[in-house]
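Given next are the chains, with one letter for each unit.
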Amino acid sequence: HSVKILHRYVLKEHVGPLTFALTALTSILLLQYIGKHFGELVGKGLPTVVIAEFFGLSVPLTVALTLPMAVLVATLYAFSRLAAENEITALKASGVSLVSVLTPVLWAALGVTVVMIGFNDQILARSNHRLAVLQRDIAQKKPTFGLREQVINEVSPGKFYLRAGHLDEASNMMREVTIYDMQDPTRRRTIFADSGNMRMSKGLTDLELTLYNGNMQDVPTANPDELQRLYFNVDQIRVRGVGNQFQKTTADAYKSDREMTVCEMQEAQDKARGEHEAARKDFETKVAALKKSKATLSKDVLNANTSAPWDIGLGRLYCNAMALFVPKQARAQGVSTTPRVIVKQSASSTSQSTSSTAATLPPPAARLGTAAPAPDVNKALTQGPPPNSSDLVAIEGLRIRLQDSAQLMNSYGVEIHKKFALAVACFVFVLLGAPIALRFPRGGVGLTIGVSLFVFALYYVCLIAGESIAKRGFMPAVVSMWMANVIFALIALWLLAKMGQEGSTARGGDMRDMIGAIKGSIRSKIAWKDRRIRRERAAA
């Protein structure tokens with residue numbers, strides 16, 4: 001019974017600091033997020049419910065980042081206070097081991113980890129998807145606030161597209177303007193202008209564009225070979241109904257990797273792995289045939305990496321475990337694994353070409369899908385007997401398929417392991433925070449803030465760097481995303497092993513003692529290296 005009282009008491013000491021740290025850190029990051037996206041919401045006349053939903057959907061992403069931080073802060077503060085008030089000393093004198101003190105906290109951290117895995121998998125993924133859909137709906141509410149430079153902006157879905165080489169958000173002035181007007185089914189109109197400005201009508205329903213020094217090209221759909229061109233100094237265009245009212249999208253099948261659950265990403269990764277395996281077999285077969293014909297292959301083809309990215313299958317194991325508990329769980333249907341791409345137009349798009357194809361916009365499928373770059377025939381083979389051009393195109397296309405499928409597998413692998421790594425960080429931080437706080441009990445708030453900031457910075461630098469490295473294929477995702485957790489866990493285990501030594505827990509020092517201990521350790525290592533060098537020189 002006394003053990004249960006002790007466990008409840010130790011856990012109670014963590015509840016207050018954990019609540020305070022989670023609230024404070026979440027508020028700080030949420031305010032930063034609000035400030036970053038404030039310009040997207042101001043001046044659009046959005047309903048209050050929509051704005052509240054926008055900020056509400058931003059909370060899960062913030063909590064996923066701040067909860068591991070809050071766990072570390074609570075652990076450092078609680079154990080530091082217990083040691084500073086000699087409660088740890090009293091417990092040891094009563095025959096209570098430090099393991100008994102740590103046990104309830106470790107079990108609680110394990111429970112938080114399990115909850116965070118479910119949170120990151122289900123709640124975070126769904127809120128990210130709803131937030132992304134809501135952001136797209138808000139951007140269409142008032143296009144003058146949603147336009148982006150150097151990309152084709154869909155002002156009116158399926159009817160009106162606008163691209164601006166440069167956009168001044170303060171004055172709404174545009175330069176190097178290209179407009180694709182597809183409102184009239186009998187013709188396709190492309191408008192080029194050196195500059196222009198835009199504004200909303202008084203009722204905030206229509207978009208009014210004033211263009212300067214340009215030309216208008218019309219191609220009749222019935223006769224694509226015919227081209228009509230009209231030059232103008234000033235032209236006014238009115239796009240009706242683009243800002244009439246805010247409409248929420250009820251269903252959107254497209255999901256990015258951060259909007260998918262673990263099982264959805266695992267399914268997409270398995271599909272990419274199958275495509276990679278099929279491309280690898282075809283690629284190796286064609287390379288062997290070309291080598292047999294004594295054709296000299298380029299370095300790009302010879303050095304192509306045909307091996308699939310390595311992974312331990314953590315996502316598949318998790319999904320199989322979930323299937324045991326929920327055997328009739330509905331699988332996601334129609335999830336597109338192909339990311340949407342907005343095609344950038346080059347500066348040459350404003351050239352005055354007499355060809356009718358210059359005045360037409362690519363079809364939506366080509367414009368929004370992922371189009372593989374044209375195979376470089378000259379790079380595929382150099383010297384030797386020239387094989388068929390179809391072989392050149394095929395082998396270069398297969399090499400690109402290998403790269404694309406490997407990149408998709410890396411991207412999904414990173415997001416899968418990140419969901420688990422952030423959750424397990426809660427348990428690792430408890431292992432790390434407890435021995436540090438017990439070693440330096442008089443550190444107080446200074447120790448809590450100092451150690452927390454250092455650990456947070458180092459952990460998230462490792463996480464972000466690992467994400468970038470893994471997506472580029474330089475390191476397996478499982479290694480890069482778990483690297484920070486492994487490093488901190490090893491440090492925590494080393495500190496826990498030393499925690500039972502006399503004088504290392506209850507009678508520790510403050511921040512100055514901690515800094516002094518670090519400096520002393522560095523000096524001792526330097527002195528040891530100097531002595532070793534002197535011995536080697538004397539022996540020589």
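Look up: the structure comes first, before these words.
The structure contained in this document is the topic of the report that follows. Since we're looking at a predicted model, the values are computed, not measured.

**Some words on the nonpolar core**
Then, number 1: Grouped together as the largest cluster of nonpolar side chains are 69 residues, with contacts concentrated most on Phe79, Ile88, Phe420, Val455 and Tyr459.
Then, number 2: Elements with a minimum of two residues in this core: α1 (2–37), α2 (48–84), α4 (98–141), α5 (262–292), α7 (314–325), α10 (389–439), α11 (444–471) and α12 (477–499).
Then, number 3: Excluding residues within four positions of it along the chain, Phe79 makes contact with His14, Val101, Leu102, Val105, Ala434, Ala437 and Leu438.
Then, number 4: By size, the runner-up hydrophobic cluster in this structure holds 20 residues, among which are Leu167, Ala193, Leu207 and Phe232.

**Regarding the packing of aromatic side chains**
Two measures describe an aromatic ring pair: the distance that separates the ring centres and the angle between the ring planes.
Then, number 1: Here the structure, examined in full by the defined rule, presents seven aromatic pairs.
Then, number 2: Consider the rings of Phe54 and Phe55, whose centres lie 5.6 Å apart with planes at 75°: the pair is edge-to-face.
Then, number 3: Ring plane angle 80° and centroid distance 6.3 Å describe the contact between Phe429 and Phe488, whose orientation is recorded as edge-to-face. Highlighted residues: Phe429 in helix α10 and Phe488 in helix α12, separated in sequence by 59 residues.

**Focus: the environment of Ala132**
Then, number 1: Take Ala132: it is sitting in helix α4.
Then, number 2: Residues Ala132 and Ser256, 124 residues apart in the sequence, show an inter-C-alpha distance of 9.2 Å.

**A short note on the environment of Ile237**
Then, number 1: Structurally, the position occupied by Ile237 is in strand β6 (residues 228–239).
Then, number 2: Residue Ile237 is classed as buried on the basis of its relative accessible area, which comes to 14%.
Then, number 3: Separated by 27 residues in sequence, Ile237 and Thr210 have C-alpha atoms that sit 6.4 Å apart.
Then, number 4: Not counting the four nearest positions on each side in its chain, Ile237 is found in contact with Phe160, Ile179, Ile191, Leu207, Glu208, Leu209 and Leu211.

Thresholds applied
Residues numbered from 1 in each chain as written. Predicted model: local features only at pLDDT ≥ 70, side-chain atom pairs only at ≥ 80, totals over all residues. Heavy atoms only, no water. Core = buried A, V, L, I, M, F, W, Y, C linked by side-chain atoms within 4.5 Å. Buried < 20%, exposed > 50% of the residue type's maximum accessible area, 1.4 Å probe, protein only. Helix = DSSP H or I, 4+ residues; strand = E, 2+ residues; numbered from the N terminus. Contact = heavy atoms within 4.5 Å. Phe/Tyr/Trp six-rings, centres within 6.5 Å; stacked < 30°, edge-to-face > 60°.

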